[in-house]
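Okay, here's what each chain looks like letter by letter:
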Amino acid sequence: MKYYLIAGEASGDLHASHLMQALKQRDEEAEFRFFGGDLMTAVGGTRVRHYRELAYMGFIPVLLHLRTILRNMKMCKQDISQWQPDVVILVDYPGFNLDIAKYVKANKICPVYYYISPKIWAWKEYRIKNIKRDVDELFSILPFEVEFFEQKHHYPIHYVGNPTAQEVRDFLRSEKIKVKSEKLVIALLAGSRTQEIKDNLPAMIEATRHLVGQYDIVVAGAPSIETDYYQQFLADTHVRLVSDETYPLLSQATAALVTSGTATLETCMFCVPQVVCYETPLPRLIGFLKRHVLKVKWVSLVNLIANREVVRELVAETFSVENIRHELETILPGGNQRERMLSDYEEVHRLLGDSHAPDEAARIMIEKLTVKR
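J.: Provide a residue-level description of the overall build of the protein chain, including the pertinent values.
T.: Counting secondary structure elements, the protein chain contains 17 helices and 13 strands. Put simply, the protein chain has 373 residues, and 53% of those count as buried. In the protein chain, once contacts between residues fewer than 6 apart in sequence are set aside, the share between residues at least 24 apart is 66%. Put simply, the protein chain shows about 17,900 Å² of open surface, and 50% of that area lies on carbon and sulfur atoms.

J.: Which residues make up the environment of Val91, and what values go with them?
T.: Of note, Val91 is situated in strand β4 (residues 87-91). Remark: the alpha-carbon pair of Val91 and Leu5, spanning 86 residues in sequence, is separated by 7.3 Å. Residue contacts for Val91: discarding those within four places in its chain leaves Ile6, Ala7, Gly8, Gly12, Ala16, Asn97, Tyr114, Tyr115 and Ile116.

J.: Which residues make up helix α15 (residues 321-331), and what values go with them?
T.: Taken together, the buried positions of α15 are Ile324, Glu327, Leu328, Thr330 and Ile331. Summarising the axial view, the buried residues of α15 lie within an arc of 155°, below the 170-degree limit, and thus occupy one face. Looking at the buried side of α15, the elements it contacts are β8 (184-189), α9 (194-208), β11 (253-258), β12 (274-278), β13 (312-315) and α16 (338-352).

Rules behind the numbers
Residues numbered from 1 in each chain as written. Predicted model: local features only at pLDDT ≥ 70, side-chain atom pairs only at ≥ 80, totals over all residues. Heavy atoms only, no water. Helix = DSSP H or I, 4+ residues; strand = E, 2+ residues; numbered from the N terminus. Buried < 20%, exposed > 50% of the residue type's maximum accessible area, 1.4 Å probe, protein only. Contact = heavy atoms within 4.5 Å. Areas by Shrake-Rupley, 256 points an atom, 1.4 Å probe, with all protein chains shown as cover. Arc of directions from axis to C-beta.

Here is the structure:
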């Protein structure tokens, strides 16, 4: 069968590449054409555009590159029409992908499957109308989304397991070299974008300054960020950097300070107690919006999955060096929250289940497509 995939950022490239591998194992005649990145390219097929030509985040960057975005969107629609795939598989990236879904559905080209569903439970819930109209099958990697889509919006979905959880389990079963240290390690995971690092890392370093003699403080360098960028924050400190070694670092860490995102779930899967730290501009305003506008109580995946506070979140007006330092002390060895958090992590692991997300998604996709042929 012919599969057309669209991934608009690095995480989508990763998850889509694993899905493509799973589809190839079940369909020896699989042909791929895609918008994606290097990992998808390595699996095989024809790359039409690299995700770097799509990945504009935030209002101003999108506005500045609107002409390019619209040109790529038009080109993508034309390419799908010409290639006539058996299915279009969308991977996250809803701003672009939901428009593609609308086009494919309106022109009755083929079924539309959505792998890694849009996070409309947090923002832009009105998009459920588009999803119901334009998406034939929705595949979720977060267990709480089942209740949101099926009970609240009466739209059936497939929870296929969580790929991040599986990736950590696979790593822990491997024998890869760990980050070596003679002291106990505190890991600092300050985000994957330069602005996040600039906003969060200085406070993280300051909050751990008094622990330098007792602990090895290590920053996890993001793969997309040059090591030179970190040096401005590490100068005149005893904090060190390891690049592209987040899993080896977490496998040895005693505790972690983590900027919200997938890293909070990775840290949980490694059973490392953590404090979630996310500095924002206009903290009082953002705090108000978080309480009164956003549809969710928490920003970390760990708390969202558990539907309660498992890890402490210091966001907006609660973000400060003093608060980070205090919360960190509670999860270090001997701290009064450490064992409770480790116990709560077990519940998160149970809720995620042990399904291999790409394999389960590929199985369902091929089964559905075979019936329709």
